[in-house]
Number of protein chains: 2
Amino acid sequence: VATAPSDIRTVHVHAATRRHGPAAHSSHTYPAHVGHDLLTRGVPHSDGTRASLGHAIIAAAHAINLTPPRRALIVHDDALPAALIAIVANALRDAGLDVATAALHADEDAKSLSSVERLLAHAIAAKLERTDCFVALGGGITGDLTGFAASIYRRGVAWCNIPTTLLAMVDASIGGKTGCNLTASGSLLKNMAGAFHDPALVLCDTASLATLPPRELVGGLAECVKHAMIERSVPAPAPAPNLAAAPPTSLWSRLEALAAEMAVSPINPASLVDLIADNLALKARVVAADPFETASDADGGRALLNLGHTFGHALETMTGLAPRSLAAPTTSAITHATPTHGLSHGEAVALGLVAASVAGTRLGTCSAELTPRVERLLTNLRLPTRVEDLSLRIDDALARLRHDKKSRAGSVRIIVPVADTSQNPPKIGLSRAFSNPTEDALRAAFEHLAT
Amino acid sequence: VATAPSDIRTVHVHAATRRHGPAAHSSHTYPAHVGHDLLTRGVPHSDGTRASLGHAIIAAAHAINLTPPRRALIVHDDALPAALIAIVANALRDAGLDVATAALHADEDAKSLSSVERLLAHAIAAKLERTDCFVALGGGITGDLTGFAASIYRRGVAWCNIPTTLLAMVDASIGGKTGCNLTASGSLLKNMAGAFHDPALVLCDTASLATLPPRELVGGLAECVKHAMIERSVPAPAPAPNLAAAPPTSLWSRLEALAAEMAVSPINPASLVDLIADNLALKARVVAADPFETASDADGGRALLNLGHTFGHALETMTGLAPRSLAAPTTSAITHATPTHGLSHGEAVALGLVAASVAGTRLGTCSAELTPRVERLLTNLRLPTRVEDLSLRIDDALARLRHDKKSRAGSVRIIVPVADTSQNPPKIGLSRAFSNPTEDALRAAFEHLAT
């Protein structure tokens, strides 16, 4: 589909963490800009003009501190094209900064405290002062590690986030969560160390999605479906003119339209600008209402973002599982080759969304007709809805779910879809927390995935 | 001197960092209680009653989170008496918590990211959840490492600080700074990684000072002299009735009275309650005005706390220096044996205060009569005012001073005393930042110490 590039969309995100500079005592927002070729075309400035990439990053760091930065450390995924790294490094140098770079082999094993220590050593070698900044260029792991290093270097310096995967753009780039895994007694504990440390600026350039493997690209769409399934449980956007305008259409409808396009042609990254911006706006509203994930179950809050994740994490940690689509896509099929290490995060989330629908049906929060609708959309987005080789391992999956770190005080808590019975057919987009679901409901959910 | 134990004094400290709980969006304070046998006598409660140590810690952690803690990890200096550790552990167990302990060999080498990682592993082994807490029991290094570990464990949990040295009580226990050193290219960079993360509660029991080596006890007095020399540059205490009352006397006068007592008998820890509380109140006012040390030079702010420290840090990092008192104390002499590794922090600060006075005189901010007055008080408090073996190493000391991390943007900035010329003799207690002092003034300061 030859979609004309959308213009640049900007979402103003309420920061969970304090800035250190002039506005230290008031709440503040930071901008997340989304656009095609954004990094080369220039970044919108609050006065309506456009700033070069380098000057936009300097202005963002300056807004955090009293002094403008003089140096920057770019932390990038070592799999990125050299040309992309050069665009960012040259833009910062052209704006007058001293620039150093550090490469990360951004896999789950690299998400360790020793990687963070290595980044801190790079920052020391680059002579970064308190008023200088980090720039993250890569996927979610790169952003998590860079933001965490920035949060503890000299007790906290500014950082800018340039996510290059769809998953990182729609999910990990905002919300302030940074961190790494810890290992204890031989087992890996995900995101056990970290900090809430908001970036000063987020730049999502859809052009960087063009070289992503298809499996990684569609993985990001699973988080978009999750957002669509919680959209109506999230506080409505504020009417203030400087906040992102309300989406003209629901996220669910937007995804159905994308799925229809995908039936006839591959995804055109330039056409994803509005989808990404609307997802960022939705996540920004969730985070603003519950910055530190401390809302009670009744209030939902940030825990809503775990829809599909409690089931998904259990599957993601199991090796040897292969995702399967319920119906083969008609054209431009993306084959789900058996992955060496199991499921990707996006695939696990897609499967988790199906599981949550099945569990919700069993628990009586939604009707049985929801699950096939979720499955249809996921399938049309080239995401899996079933898992091979799970049927004999359901007890293992249940045990892993019970050990998920999101459980509170030893009890299991999942997020389930809720049917709005005033609508027929029920509108999609309501979800809520459900504590201590029955064993029967959890088992039925995994058994459904294994059929 | 048989001083009757003062009652318990409480200082309410304005927190720099946000709490995660019910009051997440408003500023909040945390209490620092000072008393003799406080840990066994009970901790004042806001309703006027006293709580047991265990219930006080539970209440403090509960005030940070929606859920009361169920587990605590006590991190203690391995040099502490077992009885002291047992008091804290038993108090928490009696209040119903699961308690684990972790010992630290709290020297400067232990202040590393790998020590922090070890504490995090202890927390995982103890199954600490987001709503559980750390308890630090020891000196400044124990507090810095424990607070930092708490700040990043599961992206931040509550911690309580029970400082057991005078230095930690009057200086390190409040203000929110936590962290560790980093090593890069073979050189140790102090406090280069860390976080601002306020404790939920600070408990200073002067009984824990009884077993401190005399050299460590008087080391804490150097920070008290520093506070006395900046007291009148700090915003006055707020008149609100729930804040600590204005000190009835200046810190300088209080220290002169203590020095007079020390001329006739050893320090009685029970008599230090008011001194410690007044020093905490002073530091609390500095921190409230400049929580993240971002105030401009003209405003002073938290940088005032560096009085004596820029010179002191330079000396502290040099090996083989021996402190010397100008006049031998008349009674109960504390001999300054040549330390194996150089100067203690308190000794280095005392010397730095003399150096800052000499530099201030050279730079014209104060009159020449200040230095002998500072030297007299330090001497009477058994603190050194001269250094052996420095005379041939002044160039080395100057080079170290220039590399101090507090320098901004490559330039040197020191804090110097200011004479209040409206008073005769000038009253002590005013200081200010001075950027780019002359080489001559810095050299004269070190040369004075070497005479």
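Residues numbered from 1 in each chain as written. Chains lettered and ligands numbered in written order. Predicted model: local features only at pLDDT ≥ 70, side-chain atom pairs only at ≥ 80, totals over all residues. Heavy atoms only, no water.

A. Quick look at the packing of aromatic side chains. Residues and elements named next belong to chain A. Going through the model one piece at a time under the given rule, you end up with six aromatic pairs over all chains. On the basis of an interplanar angle of 70° and a centroid distance of 5.9 Å, the ring pair of F134 and Y153 is categorised as edge-to-face. Highlighted residues: F134 in strand β7 (residues 133-138) and Y153 in the loop between α5 (140-152) and β8 (158-163), separated in sequence by 19 residues. Relative accessible area serves as the criterion here: at 0%, F134 is assigned to the buried category. (Phe/Tyr/Trp six-rings, centres within 6.5 Å; stacked < 30°, edge-to-face > 60°. Helix = DSSP H or I, 4+ residues; strand = E, 2+ residues; numbered from the N terminus. Buried < 20%, exposed > 50% of the residue type's maximum accessible area, 1.4 Å probe, protein only.)

B. Geometry of the confidence of the model for chain A. Residue and element names in this part refer to chain A. Overall, the prediction assigns chain A a mean pLDDT of 88, with 88% of residues at 70 or greater. Across residues 1-6, confidence stays below pLDDT 50; counting only partners more than four residues off in sequence or on other chains, it has 12 contacts. What the predictor reports for the complex is a pTM of 0.91 with an ipTM of 0.90. (pLDDT = per-residue confidence, 0-100. Contact = heavy atoms within 4.5 Å.)

C. Expanded view of the interface of chain B and chain A. Chain B puts 43 residues into the contact, and the matching count from chain A is 42 residues. For the pair chain B and chain A, the two sides together bury roughly 3,900 Å², of which 56% comes from carbon and sulfur. At the surface where chain B touches chain A, the tally comes to one salt bridge. Of the charged contacts in the structure, one is a salt bridge between A:E293 and B:R130, with a shortest N-O distance of 4.0 Å. Counting across the interface, chain B meets chain A through six residue pairs in polar contact (both at pLDDT 80 or more). For the side of chain B that touches chain A, the secondary structure elements donating two or more residues are α4 (113-125), α5 (140-152), β9 (177-184) and β10 (187-196) of chain B. Considering each element in turn, the side of chain B that touches chain A owes the most residues, seven residues, to β10(B). Of the residues in the side of chain B that touches chain A, the class split is 19 nonpolar, 11 polar and 13 charged. (Buried area = accessible area lost by both parts, 1.4 Å probe. Salt bridge = Lys/Arg side-chain N within 4 Å of Asp/Glu carboxyl O. Polar contact = N/O pair within 3.5 Å; in protein donor to acceptor, adjacent residues only side chain to side chain. Nonpolar A, V, L, I, M, F, W, Y, C, P; charged D, E, K, R; others polar.)

D. Broad picture of the relation of the copies chain B and chain A. Mapping chain B onto chain A calls for a screw motion: a turn of 180° about the axis and a shift of 0.0 Å along it, with 0.1 Å RMSD after fitting. Considering both components of the superposition, the chain copies are consistent with a two-fold axis. Most of the interface of chain B is mirrored in chain A, where 98% of its interface residues are also at the interface. (Least-squares fit on C-alpha atoms with pLDDT ≥ 70 in both.)

E. Quick peek at helix α11 (residues 345-363) of chain A. For α11(A), with 19 residues, the first-to-last C-alpha span of 26 Å sits near the 27 Å given by 1.5 Å per residue. Counting buried residues in α11(A) gives 16 out of 19 residues, a clear majority hidden from the surface. (Expected span 1.5 Å × (residues − 1).)

F. The arrangement of the side chain of A:D77 in detail. Residue and element names in this part refer to chain A. As for its placement among the helices and strands, D77 is situated in strand β5 (residues 71-77). Notably, D77 is buried but unbridged: the nearest opposite-charge side chain belongs to R118, and the N-O separation is 10 Å. At 2.8 Å, the side chain of D77 and the backbone nitrogen of A79 are in polar contact. (Lys, Arg positive; Asp, Glu negative; His and termini not counted.)

G. The pairing of strand β2 (residues 29-35) of chain B, seen in detail. All names here are of chain B. With five of seven residues buried, β2 is to be regarded as a mostly interior element. In terms of strand pairing, strand β1 (residues 9-14) meets β2 through six bridges, oriented antiparallel. Across the sheet, residue H14 finds its bridge partner in β2, namely T29. Sheet topology places β2 next to strand β11 (residues 201-205); four bridges connect them, and they run parallel. Bridge assignment links V34 to a residue of β11, and that residue is C204. (Pairing = 2+ DSSP bridges.)

H. Representation of the pairing of β9(B). Residue and element names in this part refer to chain B. Of all eight residues in β9, six are buried; the element is thus mostly enclosed. Sheet topology places β9 next to β10; seven bridges connect them, and they run antiparallel. The residue bridging G179 from the neighbouring strand is G194, located in β10. What sits between β9 and β10 in their antiparallel hairpin is a turn of two residues, with S185 showing a positive phi close to 50°.

I. Seen up close, the environment of B:V354. Residues and elements named next belong to chain B. Among the structural elements, V354 can be located in helix α11 (residues 345-363). For the pair formed by V354 and V374, sequence separation is 20 residues and the distance between their alpha carbons is 6.6 Å. When neighbours within four sequence positions are excluded, V354 is seen to be in contact with T371, V374, E375, L378, T385, R386, H448 and L449.

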